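Fold and geometry: a report
Residues per chain are reported as follows:
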Amino acid sequence: MACHDHDPSHPHAHEHDAAHRPCQSNPAGGGCGGQGACQTLSKAPSSSRRTFLKVLIGLFAVVWAGLTAFPFLRFLGSGNPADEAAQVASVALGKVEAFPPGSAKNFQFGNIPALLVRGQDGVFHAYNAVCTHLGCTVQYDNAEKNIVCACHGGVYDAATGDNVSGPPPKPLAPLKAEVKDGTIVVSHA
Ligand code: FES
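Okay, so let's go over this structure. (Residues numbered from 1 in each chain as written. Predicted model: local features only at pLDDT ≥ 70, side-chain atom pairs only at ≥ 80, totals over all residues.)

**Re the pairing of strand β9 (residues 174–180)**
Look at any regular strand and the pattern is simple: side chains alternate between the two faces of the sheet. Let me state the cut-off plainly: Being paired, for any two strands, means DSSP has found at least two bridges between them. Only DSSP runs of H or I reaching four residues or more are called helices, and only runs of E reaching two or more are called strands; each is numbered from the N terminus.
Bridge count for strand β4 (residues 124–128) against β9 is 2 bridges, and the pairing is antiparallel. In the strand pairing of β9, Ala 126 is matched with Leu 175. Relative to strand β10 (residues 183–188), β9 is paired through 6 bridges, and the arrangement is antiparallel. By the bridge assignment, Lys 180 is partnered in β10 with Thr 183. Following β9, the chain reverses through 2 residues before pairing antiparallel with β10; Asp 181 in that reversal takes a positive phi of roughly 55 degrees.

**With respect to the nonpolar core**
Quick reminder of the rule: A set of buried Ala, Val, Leu, Ile, Met, Phe, Trp, Tyr and Cys residues, joined to one another through C-beta atoms within 7 Å, is what we call a nonpolar core. Three exposure classes are used, all based on how many other C-beta atoms lie within 10 Å of a residue's own C-beta (placed from the backbone): buried at 20 or more, exposed at 12 or fewer, and partly exposed between those limits.
Grouped together as the largest cluster of nonpolar side chains are 21 residues, with contacts concentrated most on Ala 114, Leu 115, Ala 126, Val 138 and Val 186. Only β3 (112–118), β4, β6 (146–149), β9 and β10 provide two or more residues apiece to this core. It is β3 that contributes the most residues to this core, 4 residues altogether.

**Some details on the pairing of β3**
Within β3, 5 of the 7 residues are buried, which leaves the element mostly enclosed by the surrounding structure. By the bridge criterion, 6 bridges tie strand β2 (residues 104–109) to β3 in an arrangement that is antiparallel. Across the sheet, the residue bridging to Lys 105 is Leu 116, located in β3. Counted between consecutive antiparallel strands, the loop separating β2 from β3 contains 2 residues, among which Gly 110 sits at a positive phi close to 65 degrees. Pairing geometry for β3 and β4, over 5 bridges, is antiparallel. Opposite Leu 115, over in β4, you have Tyr 127 as the bridge partner. Connecting β3 to the next strand, β4, in antiparallel fashion are 5 residues, including Gly 122 with a positive phi near 90 degrees.

**Observations concerning the sheet that holds strand β5 (residues 139–141)**
Worth spelling out the cut-off: Between N-to-C directions, angles span 0 to 180 degrees; the directions come from axes that are lines fitted to C-alpha atoms, helices contributing only their stretch in contact.
Read from one edge to the other, the open sheet built from 4 strands follows the order β5-β6-β7-β8, with strand pairing classed as antiparallel. Among the strands making up the open sheet, the edge pair consists of β5 and β8 (163–165). Strand-to-strand, the axes of this sheet are offset by a mean angle of 40 degrees, without reference to chain direction. Both strand β7 (residues 154–157) and β8 contribute to a ladder of 2 bridges, which runs antiparallel. Within β8, the residue paired with Val 155 across the bridge is Ser 165.

**Examining unusual backbone geometry**
The phi torsion at Lys 145 lies on the positive side, around 60 degrees, for a residue other than glycine. Among the structural elements, Lys 145 can be located in the loop between β5 and β6. The phi dihedral of Asp 181 falls on the positive side, at around 55 degrees, and the residue is not glycine. Along the chain, the position of Asp 181 falls in the loop between β9 and β10. For Asp 181, a count of 8 C-beta atoms within 10 Å corresponds to the exposed category.

**Describing the environment of Gly 182**
Under the convention used in this document: Any two residues are considered in contact once their C-beta atoms, placed from the backbone, lie within 7 Å.
Within the fold, Gly 182 resides in the loop between β9 and β10. Remark: the alpha-carbon pair of Gly 182 and Val 96, spanning 86 residues in sequence, is separated by 5.8 Å. In this structure, Gly 182 is in contact with Lys 95 and Val 96, ignoring residues within four places of it in sequence.

Right, dumping it as C-alpha cells:
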C-alpha cells in the first residue's frame, strides 16, 4: 500500500496520519512533518497578526483622542467674541463727508459685526449688529429708514436701536459714535 493511502486497520494509522497530515495553519497545504514544525509555522503569522492589531488599536485610540479633543482645544483657542470686542477701544471709520445723511455702513468692531447709521438729521448712531433674536447680522434699510434683520423679518428703529416689530425680543446693543477731528470714531457706549 502506498504511504498516503489511508488504512484505518493499520496498527500505526494515527501516528501515520499525524506524521503526514498537512499543517492546519498552513493553507498552502505543505506538510510540516511533525508537531514542533507545525507550531513554529503557525506561531509567526499569529504573532504578527497580534502586533498588527495592537498597532491598529493604537492608531484608532490616537485618532479618537484627537477628534474628541479638537473642539475643546478650538474652544479654548477661539476666545469669547464679547471679550475680544471688549479689547477694542475704538474704530475709526473715515471722514464725516463719506457718510451723507441717510447712509449706513456695516463694519467690524473687534470681531463682532457692527452698524453705523447716519440719520436724515445728520446724527450718527452705532450698534452691535447682532440681531437679538437668533444672532443674524442686521442691515440698514434705506427705503424704510430702519434697521432690518433678513433672517425672520425683525425690525429696529434706526435712531434708537429699539426693536419695533418681528421676533427680536430686545433692542440692539448700542455703541458710541462721535466725530473727532472730522473723523467718525465708534467706541463702547
Ligand atoms: S435672527 Fe433676526 S429676526 Fe431672527
